[in-house]
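Examination of the molecular architecture
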Amino acid sequence: MPAVVIYESLTGNTARAAELIAAGLTEQGVPAIACPTTAIDYQALADADLVVVGSWTDGLFFVGQRPAKAGRLAQLPFITGKTCAVFCTYAIDTGKTLDKLSDIMRDRGGDVIGGMAIKRNRLEAGSREFVDRVLGVLSTRS
Ligand SMILES: Cc1cc2nc3c(=O)[nH]c(=O)nc-3n(C[C@H](O)[C@H](O)[C@H](O)COP(=O)(O)O)c2cc1C
């Protein structure tokens, strides 16, 4: 089951997490590539059974948090029938960012199996944990 990791990133944290997640999935037998929302690899997306979508938390730190560039994420191609997992990076508090990101991807047709917030100062550990969690869920479904 190939995978694609699509991300939105301003200062690089979410891009780094996306690359780590793609590498971690690949290492565990799920070939994956990462690409930004501005340069989506449409062939990889068409071929993917698993679509991971990540953004960063944008808000007033304790209120009004949402996935950054939610409008752009809402315009992603439809992924009807594909398994989807979401993540966000953050500094302090994600509020409802993950729920909102999950809703966006459900609206795009994704079968959202879960999401995880990755704190920006623990991108490596968080990305590893995300990969483990996703593969854990997938193993119960096959
Ligand atoms: C304009 C702006 C608003 C932010 N709002 C929040 C917030 O409400 N809560 C939070 O925990 N982090 C917030 N952050 C921190 C970012 O979510 C965090 O640094 C993230 O990892 C950035 O990802 P990136 O490097 O991929 O752009 C904000 C950052 C910026 C630039």
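In the block above lies the structure referred to throughout.
Enumeration over the complete set of coordinates arrives at seven salt bridges. Here R66 and D58 are joined by a salt bridge, their closest N and O atoms 3.6 Å apart. With a relative accessible area of 24%, D58 lands in the partly exposed category. Across the salt bridge formed by R133 and E129, the nearest N and O atoms sit 2.9 Å from each other. One end of the pair is R133 and the other is E129, both in helix 5 (residues 123-141) and four residues apart, which spans about a single turn. Overall, E129 belongs to the partly exposed group, its relative accessible area being 30%.

Take the packing of aromatic side chains next. A complete count under the given rule lists one aromatic pair for this structure. Judged by centre distance (5.6 Å) and plane angle (65 degrees), the ring pair of F87 and F130 falls under edge-to-face. In this pair, F87 sits in strand 5 (residues 83-90) while F130 sits in helix 5, placing the two residues 43 residues apart along the sequence. Summarising the burial analysis for this pair, F87 and F130 share the class buried. Here the basic side chain of R108 rests over the ring of F78, its NZ or CZ set 4.0 Å away from the ring centre.

Extensive coverage of strand 1 (residues 3-7) is indicated by the burial of five of its five residues. The alternating pattern of strand 1 places A3, V5 and Y7 and V4 and I6 on opposite faces, both of which are buried. Sheet topology note: the strand 1/strand 2 (residues 32-36) ladder contains five bridges and is parallel. The residue bridging V4 from the neighbouring strand is I33, located in strand 2. This β-α-β element, strand 1 to helix 1 (residues 13-27) to strand 2, shows right-handed connectivity. As paired elements, strand 1 and strand 3 (residues 50-58) share five bridges and run parallel to each other.

Space inside the largest pocket adds up to approximately 300 Å³. Lining the largest pocket are 18 residues; nearest its centre among them are W56, T57, Y90, A91 and R120. Listing elements by their share of the lining of the largest pocket, those giving two or more residues are helix 1, strand 3 and strand 5. For the lining of the largest pocket, the leading source of residues is strand 3, giving three residues. Here the lining of the largest pocket is composed, by residue class, of six nonpolar, nine polar and three charged.

Quick notes on the rules
- Residues numbered from 1 in each chain as written.
- Predicted model: local features only at pLDDT ≥ 70, side-chain atom pairs only at ≥ 80, totals over all residues.
- Heavy atoms only, no water.
- Salt bridge = Lys/Arg side-chain N within 4 Å of Asp/Glu carboxyl O.
- Buried < 20%, exposed > 50% of the residue type's maximum accessible area, 1.4 Å probe, protein only.
- Helix = DSSP H or I, 4+ residues; strand = E, 2+ residues; numbered from the N terminus.
- Phe/Tyr/Trp six-rings, centres within 6.5 Å; stacked < 30°, edge-to-face > 60°.
- Lys NZ or Arg CZ within 6 Å of the ring centre and 35° of its normal.
- Pairing = 2+ DSSP bridges.
- Right-handed = clockwise from strand over helix to strand, strands pointing away.
- 1 Å grid on protein atoms, 1.4 Å probe; cavity = no way out; pocket = protein on both sides within 12 Å on 5 of 7 lines; lining within 4 Å.
- Points joined across faces, edges and corners; volume = space filled by probe spheres on them.
- Nonpolar A, V, L, I, M, F, W, Y, C, P; charged D, E, K, R; others polar.

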